[in-house]
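# Notes for the structure review
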Amino acid sequence: VSGFAVDLGGTKTAAARIEDGQVVVRLQKATDGSAELDAQVRVIADLLAELGYAHGEPLGVAVTGRVDRHGDWHAINTGTLRGISAAPLGATLRARFGARAHCANDAAAAALAEARLGAGRGAYNFAYLTVSTGVGGGLVLGGRLIDSGNGLAGHVGFAGSRLGDQRCGSGRFGTVESVAGGRAIAAAAGLHDARSVFEHGGFELLIDRSAAAIAGLIGDLTAILGLDRVAVGGSIGLAPGYLARVLGHLQDEPALFRPEVVPAELTHDSGLIGALLIAQETAG
Ligand code: ADP
Ligand code: BMX
């Protein structure tokens, strides 16, 4: 795939020019979680202009939150995206960048890219999990990315965790995201962001609780879907030592519920590459 892509997460917005499935230039800036649709699209347009994007070129935009069949964008965790509710992202992108612009959920995009070009190659039932600002997911079963009309399919971070004792910004109680996501880790530590929790030291129990919740989620998903491989990404998922903790907790599961668990191979580029793959496939 060749073209342009944007990955708008809860913490950072990345944009890239992609050639033959590889990111050749990448830019990044902090996401404004309180911005409304117009302001978010302005940031996207500025990054694309800096990359030399010209109207009508292929463009994939991956976003945190759910994207429904009409291309409307909704926050599920309303603490992460405070200015977005039923925002016509797809229509706005097409009006501004042309008919080859498409949008999708960030973790679903990343899952497709890992399945096709990264850590999921050769797996039959594959899941990608991102442990980042929230906890997101994408399921590629028998080679097909699972979707749903309301864009909720694959949102595994909103499944329950036996370690959960809080409500997350989705309104749901005891979610994996409320235990394992970056916002939850930072709040529990009383620090501004999860990165400082990792760098500060002394919060091993909190980090370990996050990893245990992810291991429990992997066991549950494997029971439901018969996964043979799971790839873990996101800045927390890829932080040194984190995956080893997940694997440690996974040892508490019976062998049948332990798929192969590996780091995301396309690292921080999977959402970008997947967004462009989806845009190309949607275009037919
Ligand atoms: P996004 O959620 O925007 O897609 P990331 O995958 O970078 O972006 O995840 C952001 C979360 O990861 C934030 O909670 C941030 O504090 C945390 N984070 C960023 N860098 C690191 C790091 N090196 N180690 C641990 N956590 C990190
Ligand atoms: C949340 C949810 C998902 C997203 C996931 C990872 C919102 C705003 N986001 O579970 O749609 O895929 O986070 O996103 O409801 P990230 O921001 O952590 O990368």
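So, a few notes on the structure that sits alongside this text. (Residues numbered from 1 in each chain as written. Chains lettered and ligands numbered in written order. Predicted model: local features only at pLDDT ≥ 70, side-chain atom pairs only at ≥ 80, totals over all residues. Heavy atoms only, no water.)

### Quick word on the nonpolar core
One finds Leu-129, Ile-214, Ile-218, Val-230, Tyr-242 and Val-246 to be the most contacted residues of the largest nonpolar core, which totals 32 residues. Those elements that place two or more of their residues in this core are strand S8 (125-131), strand S9 (135-141), helix H4 (176-180), helix H5 (182-189), helix H6 (194-200), helix H7 (204-225), strand S11 (229-233) and helix H9 (242-250). Once residues lying within four places of it in the same chain are set aside, the contact partners of Leu-129 are Gly-136, Gly-137, Val-156, Ile-214, Leu-217, Ile-218, Leu-221, Val-230, Ala-231, Val-232 and Gly-233. By size, the runner-up hydrophobic cluster in this structure holds 28 residues, among which are Leu-112, Tyr-128, Ala-264 and Leu-277. (Core = buried A, V, L, I, M, F, W, Y, C linked by side-chain atoms within 4.5 Å. Buried < 20%, exposed > 50% of the residue type's maximum accessible area, 1.4 Å probe, protein only. Helix = DSSP H or I, 4+ residues; strand = E, 2+ residues; numbered from the N terminus. Contact = heavy atoms within 4.5 Å.)

### Structural notes on the site of ligand 1
The full set close to ligand 1 counts 15 residues, and Thr-11, Lys-12, Thr-133, Arg-195 and Ser-235 are the nearest of them. At a separation of 2.9 Å, an oxygen atom of ligand 1 approaches a polar backbone atom of Lys-12. Interatomic distance of 3.2 Å between a backbone N/O atom of Ala-194 and an oxygen atom of ligand 1. Expressed as a share of its isolated accessible area of 570 Å², the protein-covered part of ligand 1 is 84%. (Near = heavy atom within 4 Å. Polar contact = N/O pair within 3.5 Å; in protein donor to acceptor, adjacent residues only side chain to side chain. Areas by Shrake-Rupley, 256 points an atom, 1.4 Å probe, with all protein chains shown as cover.)

### Description of H5
Of the positions making up H5, those classed as buried are Gly-182, Ala-184, Ile-185, Ala-186 and Ala-189. The inward-facing, buried residues of H5 contact H4, H6, H7 and helix H8 (234-237). One or two steps after H5, the chain reaches Gly-190, where phi turns positive at roughly 75°.

### Things to note about the pattern of salt bridges
A complete count under the given rule lists eight salt bridges for this structure. Arg-245 serves as the salt-bridge partner of Asp-208, at 3.0 Å between the closest nitrogen and oxygen. Here Asp-208, found in helix H7, pairs with Arg-245, found in helix H9; they are 37 residues apart in sequence, far enough to count as distant. Arg-245 sits in the partly exposed class, given a relative accessible area of 27%. Across the pair Glu-260 and Arg-229 runs a salt bridge whose closest N-O atoms are separated by 3.2 Å. Residue Glu-260 is found in strand S12 (residues 260-263), and its partner Arg-229 is found in strand S11; the two are separated by 31 residues along the sequence. Judged by its relative accessible area of 42%, Glu-260 falls in the partly exposed class. On the basis of relative accessible area, Arg-229 is assigned to the buried category, the value being 16%. (Salt bridge = Lys/Arg side-chain N within 4 Å of Asp/Glu carboxyl O.)

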